[in-house]
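# Examining the three-dimensional arrangement
Each chain is listed here by its residues.
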Amino acid sequence: MAAPVPVKKEKPKPKVPPPMEKPKTLEEENFKIKDQPFECNGTVKPASPFDAEEDAEILRKAMKGVGTDEMAIINMITSRSNEQRQKIKLQFKTMYGKDLIKDLDSELSGDLRETVMALFTPTTYYDAWSIHHAIKGLGTNEEILIEILCTRTNDEIREIVQTYKQEFGRSLEEDCIGDTSGHFKRLLVSMCQGNRDEGNDVDEEKARKDANDLYQAGEGKWGTDESAFNKILAVRNFAQLRATFKEYIKISQRDIQNTIKREFSGDVRDGMMAVAQCVKSRPVYFADRLWRAMKGAGTDDSTLIRVVVSRSEIDLVEIKQAFLERYLKTLYKMIEGDTSGDYRKILFAIVGKD
């Protein structure tokens, strides 16, 4: 009799972060080798002029008395930057002696509340909190670890590591080591360093050598030398990696992502695929995350909210364009079919029509 296959236990959907006091085209082949970073545009911009006192009054009025004016809340907070929302939180407490987040938490419900809480959470803390909840308790949500640690910049990673230590009293690297294994663990440890070369220099000779090393570590041998892939994908700058990937096609007659799919499996495959996709186009990676969150029966609302909110001031414009190019419908239209009510309205307000 065959041994029973272990069943991976699903973690419960995390709730929103707790209240905090502190305040061109996306066709990859058309990108020039030295285009780093790619042009990025958020859909949410800082309000100008900005008056934290006036905004605090609007929120107070929207929640005062019987019922809640959800649209007033949605319209205001989706037209303010995260930094401005932190100032509104502080001003609200100064003016009324009450915690804005606690008031919103009691007035709102469901996915609308989760989205509002995410919008009011400082960006770095939101990433650190998401990782903490992906790790703690029974089982690990590896997809969240990959989504955050394999896509952020050096500065963002270092801030996440520092915030994780300050807020949860734990080492992010040690928690990753304790909850993952094998070559996936090594990849995450590499990502936690926030030490990738982020320059734009391209050494064509090194690109040819790295491409050959990748070929010899995978397609060119029996078995796979995972460490060779980890070293190159974790260290080289994105412009250098794009040059390497072009050389790799000449040597192997395969795209690097096709090789990764063939040579790896499980979480380490997904992590390396994420890095390779971000090298080519980070917006395409997040467009794919959003598609998978909404396709088929049911919706992964936590992923939908996390990606839309976390990229809203960075590159959501490019993510929308990538989504349309890959799936032949707008992100707005996809959200329309998968959400409803005020939750749909707040996502519409963040994403906007094409």
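Residues numbered from 1 in each chain as written. Predicted model: local features only at pLDDT ≥ 70, side-chain atom pairs only at ≥ 80, totals over all residues. Heavy atoms only, no water.

### Regarding the overall build of the protein
Helix and strand counts for the protein stand at 19 helices and zero strands. The buried share of the protein, reckoned over its 354 residues, is 49%. As displayed, the protein offers around 17300 Å² of accessible surface, 48% of which is attributable to carbon and sulfur atoms. (Helix = DSSP H or I, 4+ residues; strand = E, 2+ residues; numbered from the N terminus. Buried < 20%, exposed > 50% of the residue type's maximum accessible area, 1.4 Å probe, protein only. Areas by Shrake-Rupley, 256 points an atom, 1.4 Å probe, with all protein chains shown as cover.)

### Some details on the environment of Y285
On the secondary structure map, Y285 appears in helix α15 (residues 266–294). Residues Y285 and E147 lie 138 residues apart in sequence; the distance between their C-alpha atoms is 9.0 Å. Once you skip the residues sitting within four places of it in the chain, Y285 turns out to touch I146, E147, T151, A274, Q277 and C278. (Contact = heavy atoms within 4.5 Å.)

### Concerning a negative patch on the surface
Together, D51, E53, E54 and E57 make up a region of like negative charge exposed at the surface. Examined against the element boundaries, E53 turns out to sit in helix α1 (residues 52–63). Exposure remark for E53: the relative accessible area of 41% places this residue in the partly exposed category. (Patch = residues over 30% accessible without salt bridge, like charges linked within 9 Å, V, L, I, M, F, W, Y side chains within 5 Å. Salt bridge = Lys/Arg side-chain N within 4 Å of Asp/Glu carboxyl O. Lys, Arg positive; Asp, Glu negative; His and termini not counted. Charge placed at Lys NZ, Arg CZ, Asp CG, Glu CD.)

### Remarks on the packing of helix α10 (residues 182–192) against α15
It is at 8 Å that the axes of α10 and α15 come closest, and there the two elements cross at 35 degrees. Judged by the twist between their axes, the crossing of α10 over α15 is left-handed. Along its contact with α10, which presents H183, F184, L187 and M191, the element α15 presents D267, V268, G271, M272 and V275. A per-class count over the contact of α10 with α15 returns six nonpolar, two polar and one charged. (Axes fitted to C-alpha atoms, helices over the stretch in contact; angles between N-to-C directions. Left-handed = near helix turned anticlockwise from the far one by under 90°. Nonpolar A, V, L, I, M, F, W, Y, C, P; charged D, E, K, R; others polar.)

### Describing the pattern of salt bridges
This model, assessed by the stated rule, comprises 23 salt bridges. Linking R236 and D210 is a salt bridge whose minimum nitrogen-to-oxygen distance equals 2.6 Å. In this pair, R236 is assigned in the loop between α12 (226–235) and α13 (238–252) and D210 in helix α11 (residues 204–217), connecting sequence segments 26 residues apart. Exposure remark for D210: the relative accessible area of 2% places this residue in the buried category. A salt bridge links E219 to R262; its shortest N-O distance comes to 2.9 Å. Placement of the pair is E219 in the loop between α11 and α12 and R262 in helix α14 (residues 256–263), with a sequence separation of 43 residues.

### Here we look at the packing of helix α5 (residues 110–120) against helix α16 (residues 301–311)
Two elements in contact, α5 and α16, have axes whose closest approach is 10 Å; the angle formed by their N-to-C orientations is 30 degrees. The angle between the axes of α5 and α16 places the two elements in the roughly parallel class. The way α5 lies across α16 gives a crossing that is right-handed. In this structure, α5 contributes D111, E114, T115, A118 and L119 to the contact, and α16 contributes D301, S302, I305 and V309. When grouped by side-chain class, the residues that make up the contact of α5 with α16 number four nonpolar, two polar and three charged. (Parallel < 35°, antiparallel > 145°, perpendicular 65-115°, else oblique.)

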